[in-house]
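# Working through the structure, step by step
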Amino acid sequence: MDTRLRVAVHKFSSCDGCQLAFLNSGADLLRLMPRVEFVHFAEAGFIAPDAPVDVAFVEGSISTPQDVERIERVRANSRYLVAIGACATAGGLQALRNDADAAAWMAAVYPRPAEIGALPVSSAIASHVPVDEEVWGCPVNEWQLLHVLQARIFGVRPAIENDKVCLECKRRQAVCVLVAQGAPCMGPVTHTGCGALCPRVRRACYACYGPAENPNAQALAARFAQLGLAPAAIARRFLSINNAAPVFHEAGIVWRERHDDHA
Amino acid sequence: MTTTREVRLCVPILARVEGEGALDLVVQDGRIETLRLRIFEPPRMFEKFLEGREYSELPDLVARICGICPVAYQMSAVQAIEGLFGIDPGPWVRAMRRVFYCGEWIQSHALHIHWLAAPDFLGYESAVGMAQAHAGVLQRGLALQGLGNAIIKLLGARSVHPVGARAGGFYAAPPAEEVAALRARLVAALPDAEALIAWAASLPLPASDQDFISVSLRHPLDYPMNEGRIVASHGLDIPVSEYETHFAERQVAYSTALFADLHGRPYLVGPLARMNLNADRLHPPVRAALARTGIVFPSRNMFHSVVARAAEIHQALLEAIGLLAGYRRPAETAAAAVPRSGTGFGATEAPRGLLWHRYEFDDEGCVRRARIVPPTSQNQGRMEEDLRGALEALGLDKEEEALRRRAEMVIRNYDPCISCATHFLRVRVARP
């Protein structure tokens, strides 16, 4: 009897970069093959979108009426559903359209917008179906995904890091760019998992791994104002890759309105 | 006789392409009634939400259009910014950007050849299926893919959506010992890259002879990558800023990606187009390795794309090795940027072909309008044209399964990136 973990990788609205972590795992991925069976993973050549699986990795945000139906089928066919990446966990960069006049945008991009059929908002997987695990990051990396696979092979919950980027900087002995350079670093409110890559190349974190636990976004925004950032620039720091994550969205809108009041 | 036979072929999800698309084919009375490469991924409308963002954010934002070629997006964007602002980033930045881009070509081409294309030519559904019978080939391919990623990480800290590049240059310079260690690995991989060319040429590639227009950048000295003029095989030679005078995009009802034409005709971008127009710019060892295969470029066989990809891996390895020789950390890793209002243009050669950007900036350096033309939307018309020719050449009386396999092979041969193609959807309407 085949006891391998049955795995699906589904794509919704996204850049393909999160599922690429599997194909970038190289020899590690091939070593997992005795334990893992990819049932559906279109880019790798496996097509069975409606087959039942033990674990479904879902990349991308929900942004069309067809997506809404499809994610319900994925949920029904999956024992354990893992949303991977900023699109699947927070609606992605493309959720910037949620605050805009989506119909006007479509008309600006397409000569015949009626033929496209998109929802007015781009939303996270968990806004539509129950999600068993969220792996945040834009993009998620190989170690995160292989860790989830390993945990599921053993039938346990994966241990997802919950620290802020600041702690990772301390662990790696990176100089604090907020203190030393006065750079508007999002590290104090951002979920780690990336390895504190930006401060380690001496630049401010831009929060691609999304909000950390209990982030004090408003206090950090006030600090950015003290550093001399204009309200519009502060708003853009929060309304970026994970703009629709509630705590970032709220902080971003507050500072955008301050900009509008002054404009 | 086949005159009364009707074939309705619908491939609802194309396997082994980046992003999701579908193919519809209807054959009736021995001729193709309908042939549609359907791209249905929803649009992400990047060009709209780039409006109002500052130039300094662009490299990180446009990278998110494509997880497979983020470097290409970053490089076209910084070129547009620097051209408008009048920034000269200097020789160190120019060299390191080429190295960075070499990494992306190597990883993207190795990914395509091994994960996406090889199963077609060797008769498997997936690369995982090849792992036993072709273990050596797959390991060599994965090692090259890993090396490409390592080059991107050297300068960008991670290979997908790297964080090192900025307008004016890089945030930081890698230490000399890291550079030397990686360079030694690149040198050690040269025999693998040469062997890959011979292996690609030995695949059972179908015969094909087609008349098509190749379009790519061309540079006075280098094989094109990060800069050059836009040239075409039938004589076009224009600066990047004149793209819109000669190329036009149109919407079709069944696709969320726009189709691009050159003077009303489909055209090819990507590795084969680059080889067809720039084989004289290849490093001598690449030319020698190609000469041993007997395949001559320019080529009219679209399936020689896989050989062109292998040759570009070899070229990119040699290029990176040369550029990293005698590496020294510079005093400054980036030139200062002072915003200026106006329109900036950028075009570089993404792994899949010409990637063209145009941005209008206000005097604070914020984007007023953006337009991005990705390679896959440029290749869409050519892919449909090729599919028709290839299926007719195969014989429309063949079994459905054979037609489906050949059609998928033709599509994959372009390495279409559907994520790119739809994530752009650009602004083609007249504006007041």
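Residues numbered from 1 in each chain as written. Chains lettered and ligands numbered in written order. Predicted model: local features only at pLDDT ≥ 70, side-chain atom pairs only at ≥ 80, totals over all residues. Heavy atoms only, no water.

## What to know about the overall build of chain B
Applied cut-off: Each helix is a run of DSSP H or I of at least 4 residues and each strand a run of E of at least 2, with the numbering of both proceeding from the N terminus. In this setup the radius of gyration rests on C-alpha atoms only. A globule is expected at 2.2 Å times the number of residues raised to 0.38. Exposure categories follow from relative accessible area, calculated using a 1.4 Å probe and restricted to protein chains: below 20% of the type maximum is buried, above 50% is exposed, and the middle band is partly exposed. What sets the accessible areas is the Shrake-Rupley method with a 1.4 Å probe; for residues, cover comes only from the shown protein chains. Asp and Glu count as negative and Lys and Arg as positive, but His and the ends of the chain are not part of the count. Think of each charge as sitting on NZ of Lys, CZ of Arg, CG of Asp or CD of Glu.
For chain B, the helix and strand inventory stands at 15 helices and 13 strands. In summary, chain B has a C-alpha radius of gyration of 21 Å against a globular reference of 22 Å for 432 residues, a match within 12%. Based on the C-alpha atoms only, the size of chain B along its principal axes is roughly 75 × 55 × 35 Å. When the 432 residues of chain B are sorted by exposure, 66% land in the buried category. For chain B, the accessible surface area stands at approximately 14,000 Å², while carbon and sulfur atoms represent 50% of it. Side-chain charges in chain B split into 47 positive and 49 negative, and the spacing between the mean points of these groups amounts to 1 Å.

## Structural notes on the domain arrangement of chain B
Residues and elements named next belong to chain B. Filter applied, for reference: Marked domain ranges trace back to an automatic or database domain assignment. Contact definition: two residues touch when any of their heavy atoms are within 4.5 Å. What gets called buried area is simply the loss in accessible area from a 1.4 Å probe that two parts show on being joined, summed for both. Just to be clear on terms, a salt bridge is a Lys or Arg side-chain nitrogen sitting within 4 Å of an Asp or Glu carboxyl oxygen. Any N or O atom pair separated by 3.5 Å or less is treated as a polar contact, with the protein-specific requirement of one donor-capable and one acceptor-capable atom, and with residues adjacent in sequence counted only for side-chain atom pairs.
Domain parsing of chain B yields domain 1 (6–39) and domain 2 (46–422). Look at where the C-alpha atoms of domain 1 and domain 2 centre, and you get two points 26 Å apart. Taken together, the contact pairs 23 residues of domain 1 with 37 residues of domain 2. Summed over both partners, the interface of domain 1 with domain 2 buries about 2,500 Å², with 66% contributed by carbon and sulfur atoms. The interface formed by domain 1 and domain 2 contains 0 salt bridges. Counting the contacts that link domain 1 with domain 2 gives 1 residue pair in polar contact (both at pLDDT 80 or more). Those elements that place two or more of their residues in the side of domain 1 that touches domain 2 are β1 (6–11), β2 (21–28) and β3 (31–39). With 7 residues, β3 is the largest single contributor of residues to the side of domain 1 that touches domain 2.

## Here's the deal with helix α12 (residues 305–324) of chain B
Residues and elements named next belong to chain B. The condition is simple: Expected span of a helix: the number of residues minus one, times 1.5 Å.
If you check α12, its first and last C-alpha atoms are 28 Å apart, about what 20 residues at 1.5 Å a residue would give, namely 28 Å. For α12, the tally of buried residues reaches 18 of 20 residues, placing the bulk of the element in the interior. Once α12 ends, the next one or two residues include glycine 326, with phi positive near 65°.

## Focus: helix α7 (residues 176–188) of chain B
An α-helical segment advances 3.6 residues per turn. Residues three or four places apart therefore align on the same side. All names here are of chain B. Our working definition: The arc refers to the directions leading from the helix axis to the C-beta atoms.
With 13 residues, α7 ought to run about 18 Å at 1.5 Å a step, and its terminal C-alpha atoms sit 18 Å apart, in line with that. Along α7, the residues that are buried comprise Val179, Leu182 and Leu186. All buried residues of α7 fall inside an arc of 75° around its axis, so they share one side. For α7, the exposed residues set more than 90 degrees away from the buried face come down to Glu177 and Ala188.

## Let's talk about the sheet that holds β3(B)
Residue and element names in this part refer to chain B. Stated formally: Pairing between strands is defined by DSSP: at least two bridges between the two strands are required. Lines fitted to C-alpha atoms define the axes here, with helix axes fitted over just the stretch in contact, and angles between the N-to-C directions of these axes take values from 0 to 180 degrees.
With antiparallel pairing, the 3 strands of this open sheet are ordered in space as β1-β2-β3. Each edge of the open sheet is held by one strand with a lone partner, namely β1 and β3. Along the sheet, successive strands turn relative to each other by an average axial angle of 5°, direction set aside. Pairing geometry for β2 and β3, over 8 bridges, is antiparallel. Considered in β3, the bridge of aspartate 24 is made with arginine 36. Each of β2 and β3 touches helix α13 (residues 375–394); the most contacted strand, β3, lies at about 145° to it. Against the sheet, helix α14 (residues 400–413) makes contact with β1, β2 and β3, and its axis sits at roughly 45° relative to β1, the strand it touches most.

## Details of the pairing of β1(B)
Residues and elements named next belong to chain B. Side chains Val7, Leu9 and Val11 project from β1 onto a buried face, and the interleaved Glu6, Arg8 and Cys10 project onto a face without burial. Pairing geometry for β1 and β2, over 6 bridges, is antiparallel. The residue of β2 that forms the bridge with cysteine 10 is aspartate 24.

## Side note on the domain arrangement of chain A
Accessible area lost upon the coming together of the parts serves often as the stated size of an interface. Residues and elements named next belong to chain A. One can read the domain layout of chain A as domain 1 (5–153) and domain 2 (165–262). On a C-alpha basis, the centres of domain 1 and domain 2 stand 26 Å from each other. Note on domain 1 versus domain 2: buried area summed over both sides is about 1,100 Å², and carbon and sulfur give 53% of it. Three residues stand out in domain 1 for area buried against domain 2, namely Asp99, Trp136 and Cys138, and they jointly supply 43% of the buried area on that side. At the junction of domain 1 with domain 2, the criterion picks out 0 salt bridges. At the junction of domain 1 and domain 2, the tally comes to 10 residue pairs in polar contact (both at pLDDT 80 or more).

## Re the sheet that holds strand β8 (residues 237–238) of chain B
All names here are of chain B. Pairing is antiparallel across the open sheet formed by 3 strands, whose spatial order is β6-β7-β8. Of all strands in the sheet, those bounded by a partner on one side alone are β6 (215–218) and β8. Pairing between strand β7 (residues 229–232) and β8: 2 bridges, direction antiparallel. Residue pairing for β8: valine 231 is matched across the bridge by aspartate 237. Along the sheet, helix α10 (residues 271–278) makes contact with β6 and β7, crossing β6 at roughly 55°.

## Side note on the interface of chain B and chain A
What counts, and what does not: Amino acids are sorted into nonpolar (Ala, Val, Leu, Ile, Met, Phe, Trp, Tyr, Cys and Pro), charged (Asp, Glu, Lys and Arg) and polar (every other residue, Gly among them).
If you look at the interface, chain B gives 63 residues, while chain A gives 58 residues. For the pairing of chain B and chain A, the buried interface totals around 5,200 Å² over both sides, and the portion due to carbon and sulfur atoms is 63%. Summed over the shared surface of chain B and chain A, the result is 3 salt bridges. A salt bridge links Glu54(B) to Arg236(A); the nearest nitrogen and oxygen atoms lie 3.8 Å apart. The interface formed by chain B and chain A contains 13 residue pairs in polar contact (both at pLDDT 80 or more). Counting only elements with at least two residues in the side of chain B that touches chain A, the list comes to α1 (46–49), α2 (58–63), α4 (90–122), α5 (127–130) and α6 (135–156) of chain B. Top element by residues in the side of chain B that touches chain A is α6(B). It accounts for 5 residues. For the side of chain B that touches chain A, the per-class residue count stands at 33 nonpolar, 13 polar and 17 charged.

## Let's talk about the packing of aromatic side chains
We describe a pair of aromatic rings using the distance from one ring centre to the other and the angle between the two ring planes. Short version of the rule: By convention, a stacked pair of Phe, Tyr or Trp rings (six-membered ring in the case of Trp) has centres within 6.5 Å and planes under 30 degrees apart, an edge-to-face pair has planes over 60 apart, and any other such pair is tilted. Placement of a positive charge over a ring is assigned whenever Lys NZ or Arg CZ falls within 6 Å of the ring centre and within 35 degrees of the normal to the ring plane.
Overall, the coordinates contain 20 aromatic pairs over all chains when judged by the stated rule. Judged by centre distance (6.0 Å) and plane angle (40°), the rings of Phe345(B) and Trp356(B) are tilted. Linking Phe345(B) in strand β11 (residues 342–350) with Trp356(B) in strand β12 (residues 353–361), this pair joins segments that are 11 residues apart in sequence. Trp356(B) gets classed as buried once you look at its relative accessible area, which sits at 0%. One aromatic cluster is present, built from ring pairs that chain together Phe22(A), Phe38(A), Phe41(A), Phe46(A) and Phe57(A). The aromatic ring of Phe12(A) is capped on one face by Arg70(A), whose charged end is 3.8 Å from the ring centroid. If you follow Arg274(B) out to its NZ or CZ, it ends over the ring of Trp105(B), 4.3 Å from the centre.

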